[in-house]
Amino acid sequence: ERIWEVLIPILRLDAEDPAAAWLEHDAELKRRCGHMNTARYDGIRFRGPGTDLFVGMRPDRLFAGGRCRAADGRMFFPNIPTEEIFSTPDAARTTGRAACTRPVTVMGTQVEGAWFVFEEGKVVDFGADRNGETLARFLETDDRAGYLGEVALVDVSSPIFRSGRVFHNILFDENAACHIALGNGYADCIEGGTEMSRDELREVACNVSLVHTDFMIGSEELSVWGVDSHGSEERIMDSGSFVI
């Protein structure tokens, strides 16, 4: 009974018409994706306590979120709940430092207070308040485990964030906060990517790895900017909330 008290608002079952509420939410996620896909930022900048991170993007990158279209044309939500819009970064162009704001399960072990330093796309230094040695094992999985495969934006209006809980389940916890993922990138967030071979994906700077693990870096203290090719910045999120 207690867990349902938590899940009902997260699943929008407290709305007068939950199905309509999900369609309205999907429209907002699609609107945010539309802005990002029109802007075609050269990169995304995250700034917050312990975080000053630049994630490089490419013109062929697409943001996705909410419903997807099945092969037979039907629209469906692959994940419920879902609060993120996400894309595949340029694996070679992440620089700076990211501090994780929520614990995450890595290789079956709970890691808390993780942080990463990136140079030319690769993790060059890292640590954690608890179980940092697990990060070392993760990064040794293959030669691309230390590069980004995903960047995702999540508003702090997310009912998962507002619950104040950590679920220790990534499909919930990733939808509480902005996050980055180390490891494999999403081919379907690249124009024509689903038709590309692994070698072709590497050529367009999509990371190819055996792993994919999300690390949450978002909070009410994190702000996000889109950076154009001239270095000019446009604010996307302020104190955890979308302003676009």
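Just so you know, these numbers come straight off a predicted model, no measurement behind them.

Caption draft 1: Spatial organisation of the overall build of the protein chain. Regarding its fold elements, the protein chain presents six helices and 16 strands. On C-alpha atoms alone, the protein chain measures out to a radius of gyration of 17 Å, which is about the 18 Å that the 2.2 N^0.38 rule sets for 244 residues. The dimensions of the protein chain, computed from C-alpha atoms along their principal axes, are 50 × 40 × 35 Å. Within the protein chain, counting contacts between residues at least 6 apart in sequence, those at least 24 apart form 67% of the total. Approximately 11,500 Å² of the protein chain is accessible, and the part contributed by carbon and sulfur atoms is 48%. Between the mean site of the 25 positive side-chain charges and the mean site of the 41 negative ones, the protein chain shows a separation of 1 Å.

Caption draft 2: Representation of the packing of aromatic side chains within the structure. With the rule as written, the count across this model stands at six aromatic pairs. Summarising the aromatic geometry, the rings of Phe138 and Phe215 are spaced 6.3 Å apart at their centres and angled 75° between planes, so their arrangement reads as edge-to-face. Taken together, the residues span a long stretch of sequence, with Phe138 in helix α3 (residues 132–139) and Phe215 in strand β13 (residues 212–216) at a distance of 77 residues. Through successive ring pairs, a cluster of aromatic residues spans Phe116, Phe118, Phe138 and Phe215. The side chain of Arg12 reaches across the aromatic face of Trp22, ending 4.8 Å from its centre. Over the ring of Trp225 we find Arg47, and its NZ or CZ is 4.7 Å from the ring centre.

Caption draft 3: Expanded view of the sheet that holds β13. Taken in spatial order, the four strands of this open sheet run β5-β11-β12-β13, and their pairing is antiparallel. At either margin of the open sheet sits one strand with a lone partner, and together these are β5 (84–87) and β13. Each adjacent strand pair in this sheet contributes to an overall mean axis angle of 25°, direction not counted. Pairing of β5 with strand β11 (residues 148–154), which is carried by four bridges, proceeds in the antiparallel orientation. Among the inter-strand pairings, Ile85 is bridged to a residue of β11, identified as Leu153. The strands touched by helix α2 (residues 18–39) within the sheet are β5 and β11, with β5 carrying the most contacts at an inclination of about 30°.

Caption draft 4: Molecular detail of helix α1 (residues 2–10). For α1, the complete set of buried residues consists of Val6, Leu7 and Ile10. One face of α1 carries all of its buried residues, which in axial projection span an arc of 90°. In this structure, the buried side of α1 is in contact with α2, α4 (159–162) and α5 (170–173). Residue Arg12 follows α1 closely and has a positive phi angle near 60°.

Caption draft 5: Looking closely at the nonpolar core. If you look at the biggest cluster of nonpolar residues, it comprises 41 residues, and the most contacted ones within it are Met36, Phe46, Phe116, Leu153, Leu182, Phe215 and Ile236. Leu7, Ile10, Val156 and Phe172 belong to the second-largest nonpolar core, a separate cluster that totals 10 residues.

Caption draft 6: Expanded view of the pairing of strand β1 (residues 43–48). Bridging between β1 and strand β14 (residues 223–227) involves five bridges; their strand directions are antiparallel. The residue bridging Arg47 from the neighbouring strand is Ser223, located in β14. Where β1 folds back onto strand β2 (residues 51–56) in an antiparallel hairpin, the turn is made up of two residues, including Gly50, whose phi is positive at roughly 80°.

Caption draft 7: Expanded view of the pattern of salt bridges. The final tally for this structure, using the stated rule, is 17 salt bridges. Asp90 serves as the salt-bridge partner of Arg93, at 4.0 Å between the closest nitrogen and oxygen. With a relative accessible area of 26%, Arg93 lands in the partly exposed category. Look at Asp90 and you get buried, because its relative accessible area is 5%. Ionic pairing is found between Asp199 and Arg202, a salt bridge with its closest N-O pair at 2.7 Å. Placement of both Asp199 and Arg202 in helix α6 (residues 198–203) is noted, with a separation of three residues, approximately one turn of the helix. Through salt bridges with shared partners, a single ionic network connects Arg45, Arg47, Asp52 and Glu233.

Caption draft 8: Region of the structure containing the side chain of Glu174. By the element assignment, Glu174 lies in the loop between α5 and β12 (179–183). Although Glu174 is buried, it forms no salt bridge, and the closest oppositely charged side chain is Arg102 at an N-O distance of 11 Å.

Caption draft 9: Representation of α3 in the model. Of the residues making up α3, those classed as buried are Gly132, Thr134, Leu135, Phe138 and Leu139. Viewed end-on, α3 has its buried residues packed into an arc of 145°, placing them on one side of the element. Where α3 is buried, its residues touch β7 (104–106), β8 (109–111), β9 (115–119), β10 (122–127), β12 and β13.

Parameters and conventions
Residues numbered from 1 in each chain as written. Predicted model: local features only at pLDDT ≥ 70, side-chain atom pairs only at ≥ 80, totals over all residues. Heavy atoms only, no water. Helix = DSSP H or I, 4+ residues; strand = E, 2+ residues; numbered from the N terminus. Rg over C-alpha atoms; globule rule 2.2 N^0.38 Å. Contact = heavy atoms within 4.5 Å. Areas by Shrake-Rupley, 256 points an atom, 1.4 Å probe, with all protein chains shown as cover. Lys, Arg positive; Asp, Glu negative; His and termini not counted. Charge placed at Lys NZ, Arg CZ, Asp CG, Glu CD. Phe/Tyr/Trp six-rings, centres within 6.5 Å; stacked < 30°, edge-to-face > 60°. Lys NZ or Arg CZ within 6 Å of the ring centre and 35° of its normal. Pairing = 2+ DSSP bridges. Axes fitted to C-alpha atoms, helices over the stretch in contact; angles between N-to-C directions. Buried < 20%, exposed > 50% of the residue type's maximum accessible area, 1.4 Å probe, protein only. Arc of directions from axis to C-beta. Core = buried A, V, L, I, M, F, W, Y, C linked by side-chain atoms within 4.5 Å. Salt bridge = Lys/Arg side-chain N within 4 Å of Asp/Glu carboxyl O.

In short, shape yes, function no, at least from these values alone.
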